[in-house]
Amino acid sequence: MSYIKRIIAGTAAMVMLCAVSCDDNKSAENKTAPTENIIPTEAPTESPEERIKGTTITWLADFSLDSQDGSGSPTALSLFRDYYGCDVEFVPIESEGKYATLEYLLNCGDPIDMFPYDRTAMPQGVVKELFDPLDSYFEIMGVNEGLWDDMKPAMEKLKFNGAYYVMPYSVSAPDLVMYSRKLVKKEKLDDPYELYKQGKWDWDVMMDMMGKFVSNAEAGTLRYGINGSFGEALLASTGKTAVNYENGKFSNNIKDKDIAAAENFMKKISDENLYNPNWHEFYPNDNSTLFYVMGDWALGMTNAKNAKKDIMVVPFPKIPDGDKYYISCDYDAKMLVKWSANPDAVAAYMKCERTAALEDSYKEIEKKALSIKEKDAYNKWKPFVTEEQYDAVQSYLETAKENPYFDFGYGMGEKMYGLGDLTYDTRGVMNNLTEAFVNGERAVESWEQMCDDMTEKADDEIKKYNG
């Protein structure tokens, strides 16, 4: 029985119990209450559902949990309303400065229960006492009944100070390498998807393919090996983090040999003019570029703009001799806000999110909706995702669950992760690690120089979290 069906069955059972209780009460009204031999009994303990019932939790965020297109509530919120009889009050805020807003409201004593998770939340959000751990609410969340089992590797990766502040209910937004199988075949190159399935899709293969593609350009024709935002995907593919967290302490890991290899790989792409520096919201449709790296949000438009090119997607290749693929992605989760008056209800909502994420029937509906291929009024293809692409992406998300990648460096403030004024000297450490060489900036000439610069900055910030 699916989790949603179990919840529905549970709802029906609760209704029946209420009905029986009401009938018993009516019968009791016609009886004379005994006046002797009364044995005192303890008051019945309320179940979590009974305690939670009718609660409204406050959701402070830059987006609503209700459907954005007016088609009705999404599954998680529907379950929360229908099964628990609860609701969510949305308090809208701007995305920029949202943590400062939360901190201000908490200091003012405003009641806030739930807040959106993103990678900048940990560890700074906990250190600033903005969030509470969820360990005490595992029973309500269904952790003890196995509801979160496949997310446990990610849960452990995000564990902080011995507690679970982040409970990802799903994985999303993977960075993907998009390419045209038609173009690959024309250039007599191997298909990356087939290489991936054989475990042979690695940096060396990608570099070799990019070099051949560029060198095969006709005279007067510009060709590039790669375009898009691939720095984070490349760094993540090592499986190594810039900031390590072990035994309750953070440490600087920038000098790791695999991180050095990733940075030199980035630099080589730039030095050999393999990188197309122009911004594209989809795979370039002029046959000028072999690979395009972007989040899966760009896949639909990529297909629409390249409808006849047989687009396929793979994760960023693994490090040579690596035995696993690590995928840069997002973890979908909600945070329990410090001093929430309704922590049980927040935990119940999180269970609803997890329940909905496990329901295969909704994935099938999503796949069919995304794979509709049709043209608009101007005879242009609308964004679509093929069934083969959809299934492949879902398999990559499963890989991301098995081999989670999370770097605490992204959650240590703007000096570690911030754009500054978009220069090498002002950007955050994590930003420079993923952008400086890609951009070919003259301010940094070698990995050795960047390593020294970023090590010093990272050490200063990491100290603040080991105090």
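Source: prediction; values computed, not measured. (Residues numbered from 1 in each chain as written. Predicted model: local features only at pLDDT ≥ 70, side-chain atom pairs only at ≥ 80, totals over all residues. Heavy atoms only, no water.)

J.: So what about the overall build of the protein chain? Which residues, and what values?
T.: Of regular secondary structure, the protein chain possesses 18 helices and 13 strands. Within the protein chain, the fraction of its 467 residues that count as buried is 49%. Contacts spanning at least 24 positions in sequence make up 75% of the contacts within the protein chain whose residues lie at least 6 apart. Carbon together with sulfur atoms contributes 49% to the accessible area of the protein chain, which is approximately 23500 Å² in total. (Helix = DSSP H or I, 4+ residues; strand = E, 2+ residues; numbered from the N terminus. Buried < 20%, exposed > 50% of the residue type's maximum accessible area, 1.4 Å probe, protein only. Contact = heavy atoms within 4.5 Å. Areas by Shrake-Rupley, 256 points an atom, 1.4 Å probe, with all protein chains shown as cover.)

J.: Which residues make up helix α18 (residues 447–465), and what values go with them?
T.: In a regular helix each residue adds 1.5 Å, so 19 residues correspond to 27 Å; α18 covers 26 Å between its end C-alpha atoms and thus fits that length. Of all the residues in α18, the buried ones are Trp447, Met450, Cys451, Met454, Thr455, Ala458, Glu461, Ile462 and Tyr465. Where α18 is buried, its residues touch α5 (124–127), β7 (243–246), β8 (249–252), α12 (257–271) and α17 (429–435). (Expected span 1.5 Å × (residues − 1).)

J.: So what's going on with helix α16 (residues 387–402)? Which residues, and what values?
T.: Compared with the 22 Å implied by 1.5 Å per residue over 16 residues, the 23 Å span of α16 between its first and last C-alpha is a close match. Of all the positions in α16, only Gln389, Tyr390, Ala392, Val393, Tyr396, Leu397, Thr399, Ala400 and Lys401 are classed as buried.

J.: Now, about a positive patch on the surface: what can you tell me, with residues and values included?
T.: A contiguous patch of positive charge, built from Lys182, Lys186, Lys305, Lys308, Lys373, Lys375 and Lys380, is present on the exposed surface. Residue placement: Lys380 occurs in the loop between α15 (360–370) and α16. Relative accessible area serves as the criterion here: at 54%, Lys380 is assigned to the exposed category. (Patch = residues over 30% accessible without salt bridge, like charges linked within 9 Å, V, L, I, M, F, W, Y side chains within 5 Å. Salt bridge = Lys/Arg side-chain N within 4 Å of Asp/Glu carboxyl O. Lys, Arg positive; Asp, Glu negative; His and termini not counted. Charge placed at Lys NZ, Arg CZ, Asp CG, Glu CD.)

J.: Can you lay out unusual backbone geometry for me, pointing to particular residues and giving the numbers?
T.: Glycine aside, residues mostly have negative phi angles, and peptide bonds mostly take the trans form. In this chain, Met122 is followed by Pro123 through a cis amide linkage whose omega measures 5°. One can find Pro123 in the loop between β3 (114–116) and α5. The backbone of Asn161 sits at a positive phi, close to 55°, despite the residue not being glycine. By the secondary structure assignment, Asn161 is in the loop between α7 (152–157) and β4 (170–172). Of note in the backbone geometry, Lys188 takes a positive phi value of approximately 60° without being a glycine. Looking at the secondary structure, you find Lys188 in the loop between α8 (181–186) and α9 (192–197).

J.: Quick rundown of the nonpolar core? Include the residues and the values.
T.: Phe80, Met122 and Phe316 are the most contacted members of the largest nonpolar core, which has 141 residues in total. With 8 residues, helix α14 (residues 343–357) is the largest single contributor of residues to this core. Look past the residues within four positions of Met122 in its chain and what remains in contact with it is Tyr117, Leu158, Phe160, Tyr165, Val166, Met335, Phe406, Phe408 and Gly411. (Core = buried A, V, L, I, M, F, W, Y, C linked by side-chain atoms within 4.5 Å.)

J.: Could you give an account of the pairing of strand β1 (residues 56–61), with specific residues and numbers?
T.: With 5 of its 6 residues buried, β1 lies for the most part within the structure. Where β1 and strand β2 (residues 87–92) come together, 6 bridges link them in parallel fashion. Each bridged residue has a counterpart across the sheet, and for Thr56 the counterpart in β2 is Asp87. (Pairing = 2+ DSSP bridges.)

J.: Can you explain the pattern of salt bridges? Please cite residues and give values.
T.: In total, this model carries 27 salt bridges according to the counting rule given. One salt bridge connects Glu194 with Lys197, and the closest N-O pair in it is separated by 3.2 Å. On the criterion of helical spacing, the pair formed by Glu194 and Lys197 is a turn pair, its members being 3 residues apart in helix α9. The class for Glu194 is partly exposed, based on a relative accessible area of 33%. Between Asp271 and Lys267 there is a salt bridge, with its nearest N and O atoms 2.8 Å apart. Pair noted here: Asp271 and Lys267 are both in helix α12, with a separation of 4 residues, about one helical turn.

J.: Tell me about the packing of helix α3 (residues 75–84) against α14, and please be specific about residues and values.
T.: Contact geometry of α3 with α14 gives a least axis separation of 8 Å together with a crossing angle of 125°. Taken together, α3 and α14 sit at an angle that is classed as oblique. Where α3 crosses over α14, the handedness of that crossing is right-handed. Contacts between α3 and α14 involve Thr75, Ala76, Leu77, Leu79, Phe80 and Tyr84 from the first element and Ala345, Ala348, Tyr349, Lys351, Cys352, Glu353, Thr355 and Ala356 from the second. (Axes fitted to C-alpha atoms, helices over the stretch in contact; angles between N-to-C directions. Parallel < 35°, antiparallel > 145°, perpendicular 65-115°, else oblique. Left-handed = near helix turned anticlockwise from the far one by under 90°.)

J.: So what about the environment of Val127? Which residues, and what values?
T.: Tracing the chain through its elements places Val127 in helix α5. The sequence separation of Val127 and Tyr465 amounts to 338 residues, and the corresponding C-alpha distance is 7.8 Å. Residue contacts for Val127: discarding those within four places in its chain leaves Phe160 and Tyr465.

J.: Explain the side chain of Asp202 to me, and be specific about the residues and the numbers.
T.: Following the sequence through the fold, Asp202 ends up in the loop between α9 and α10 (203–215). Of the polar contacts made by the side chain of Asp202, one reaches the backbone nitrogen of Val205; its length is 3.0 Å. Excluding its chain neighbours within four sequence positions, the residues that come into contact with Asp202 are Pro317, Lys318, Ile319 and Pro320. (Polar contact = N/O pair within 3.5 Å; in protein donor to acceptor, adjacent residues only side chain to side chain.)

J.: Account for the sheet that holds strand β6 (residues 224–228), with residues named and values stated.
T.: Ordered by their spatial adjacency, 5 strands build an open sheet running β9-β6-β10-β5-β11, and the pairing between neighbours is mixed. Lying at the two open borders of the sheet, with one neighbouring strand each, are β9 (275–276) and β11 (311–314). One ladder, built from 4 bridges, connects β6 with strand β10 (residues 289–295); its direction is parallel. Paired with Gly228 across the strands is Val293, a residue of β10. Against the sheet, α10 makes contact with β5 (175–180), β6 and β10, and its axis sits at roughly 135° relative to β10, the strand it touches most.

Note that all results are geometric; they support no functional claim without further evidence.
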